[in-house]
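Chain and residue survey
Residues per chain are reported as follows:
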Amino acid sequence: QVQLVESGGGLVQAGGSLRLSCAASGTINSVNDMRWYRQAPGKQRELVAVTTKSGSTDYADSVKGRFTISRDNAKNTVYLQMNSLKPEDTAVYYCYADIIPRYVSAVVRYWGQGTQVTVSS
């Protein structure tokens, strides 16, 4: 059984920082792309940042220069360092990963349970 477990959300004032973590656990053969999405109330889920297995990264324009995605392949963990937070960053943040489970010859998509980030003005 493979699962993604997130941590690190919370309440912060505008201009502050938070660091999200997401660890993949279970019987895993390989973890490929890892991503962070977010969904604000009344809005569609949007891609925030992505990192490939080789470490390449990409960001939504709204977070470029403020957020940094990174990963530790040995721990199957992805991080999202969020600096200079704004009230419009308030959302539930979801971790996503393309994983090849052990004994399965296919990529399976997994989602974390979501963690709330609230930025007060």
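Scroll up to find the structure.
Calculation rules
Residues numbered from 1 in each chain as written. Predicted model: local features only at pLDDT ≥ 70, side-chain atom pairs only at ≥ 80, totals over all residues. Heavy atoms only, no water. Helix = DSSP H or I, 4+ residues; strand = E, 2+ residues; numbered from the N terminus. Rg over C-alpha atoms; globule rule 2.2 N^0.38 Å. Buried < 20%, exposed > 50% of the residue type's maximum accessible area, 1.4 Å probe, protein only. Contact = heavy atoms within 4.5 Å. Areas by Shrake-Rupley, 256 points an atom, 1.4 Å probe, with all protein chains shown as cover. Lys, Arg positive; Asp, Glu negative; His and termini not counted. Charge placed at Lys NZ, Arg CZ, Asp CG, Glu CD. Disulfide = S-S within 2.5 Å. Pairing = 2+ DSSP bridges. Phe/Tyr/Trp six-rings, centres within 6.5 Å; stacked < 30°, edge-to-face > 60°.

As a further point, take the overall build of the chain. In terms of helices and strands, the chain carries 0 helices and 11 strands. When the elements of the chain are put in sequence order from the N terminus, they spell out β-β-β-β-β-β-β-β-β-β-β. For the chain, whose C-alpha radius of gyration is 14 Å, the value lies close to the compact-globule estimate of 14 Å for 121 residues. Its C-alpha atoms put the chain at 50 × 25 × 25 Å along the principal axes. Taken across its 121 residues, the chain has 43% of its residues classed as buried. Contacts spanning at least 24 positions in sequence make up 56% of the contacts within the chain whose residues lie at least 6 apart. Accessible area of the chain: about 6,400 Å², with a carbon and sulfur share of 46%. With 13 positive and 9 negative side-chain charges, the chain shows a separation of 4 Å between the mean positions of the two kinds.

Right, let's talk about the state of the cysteines for a bit. In this structure the tally under the stated criterion is 1 disulfide. Sulfur-sulfur distance for the disulfide between Cys 22 and Cys 95 comes to 2.1 Å. Handedness of the Cys 22-Cys 95 disulfide follows from its S-S torsion of about -80°: it is left-handed. Placement of the pair is Cys 22 in strand E3 (residues 18–25) and Cys 95 in strand E9 (residues 91–101), with a sequence separation of 73 residues. Like Cys 95, Cys 22 is buried.

Below, the discussion takes up the pairing of strand E7 (residues 67–72). Going residue by residue along E7, you find Phe 67, Ile 69 and Arg 71 tucked away on one face and Thr 68, Ser 70 and Asp 72 left uncovered on the opposite face. Pairing between E7 and strand E8 (residues 77–82): 6 bridges, direction antiparallel. Within E8, the position partnered with Phe 67 by the bridge is Met 82. Here E7 folds back onto E8, and the loop between the two strands holds 4 residues, one of which, Asn 76, carries a positive phi near 50°.

One pass over the structure, following the stated rule, counts 3 aromatic pairs. Taking the centre distance of 4.9 Å and the plane angle of 50° together, the rings of Tyr 37 and Trp 111 count as tilted. One end of the pair, Tyr 37, is in strand E4 (residues 28–39); the other, Trp 111, is in strand E10 (residues 108–111), and 74 residues separate them in sequence. A residue is classified by how much of its surface remains accessible, and Tyr 37, at 14% relative accessible area, is buried. Ring centres of Tyr 96 and Trp 111 lie 5.0 Å apart, and the angle between their planes is 70°; this geometry places the pair in the edge-to-face category. Here Tyr 96, found in strand E9, pairs with Trp 111, found in strand E10; they are 15 residues apart in sequence, far enough to count as distant. Pairwise contacts between aromatic rings join Tyr 37, Tyr 96 and Trp 111 into one cluster.

Shape descriptors only; they carry no functional weight alone.
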